[in-house]
Amino acid sequence: MAAWYRNGIKFECVKCGRCCGGSPGMVWVSLPEVAALAGHLGLLPEGFGRKYLRLVDDRLSLIEKQNFDCVFLEGSRCSVYPVRPRQCRLFPFWEGMLLDETTFKHCTEFCPGIGKGHLHTEEEIDLLKKER
């Protein structure tokens, strides 16, 4: 059965910051991502971890500001955009958001980048969904 997005989805991040805060959530990070983020900020991974990470069950997540924005969201911009975690890079192609067209259409209400820019093919999207 062909996916509902068989004709592809246009998306280009417009760096509005809407997907980066406003409600509680987890931004999962791997150890290589921690190293990249730390290096970008001129920190050692251990110092970065003490300042910016929390342990949730057995996984590492970025901390949030009191208003639930990502700790790296400054205004509407990501201060670590070039080395942002994979989870952030994959938005809006998260498996849960691609379940069906109705679910995805809800995402278009808050993300102005959906429907703009590069046309991601069904094959590209399926590869992104598998990248975890």
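Structure: see above.
Residues numbered from 1 in each chain as written. Predicted model: local features only at pLDDT ≥ 70, side-chain atom pairs only at ≥ 80, totals over all residues. Heavy atoms only, no water.

(A) Up close: the sheet that holds strand β2 (residues 28-29). With antiparallel pairing, the 3 strands of this open sheet are ordered in space as β2-β4-β3. The open sheet has two free edges, formed respectively by β2 and β3 (53-56), since each of these has just one partner strand. This element, helix α2 (residues 45-52), spans β3 and β4 (59-62) of the sheet and lies at about 75° to β3. (Pairing = 2+ DSSP bridges. Helix = DSSP H or I, 4+ residues; strand = E, 2+ residues; numbered from the N terminus. Contact = heavy atoms within 4.5 Å. Axes fitted to C-alpha atoms, helices over the stretch in contact; angles between N-to-C directions.)

(B) Geometry of the packing of aromatic side chains. Tallied over the entire structure, the rule returns 9 aromatic pairs. Here the aromatic rings of F48 and Y52 are separated by 5.1 Å at their centres, their planes lie at 40°, and the arrangement is tilted. Of this pair, F48 and Y52 both sit in helix α2, separated by 4 residues, roughly a single helical turn. Given the relative accessible area of 0%, F48 is considered buried. Members of the aromatic cluster, each reached through a chain of ring pairs, are F11, F91, F93, W94 and F110. Lying across the ring of W28, R59 places its NZ or CZ 4.0 Å from the centre. Here the basic side chain of R84 rests over the ring of Y81, its NZ or CZ set 3.8 Å away from the ring centre. (Phe/Tyr/Trp six-rings, centres within 6.5 Å; stacked < 30°, edge-to-face > 60°. Buried < 20%, exposed > 50% of the residue type's maximum accessible area, 1.4 Å probe, protein only. Lys NZ or Arg CZ within 6 Å of the ring centre and 35° of its normal.)

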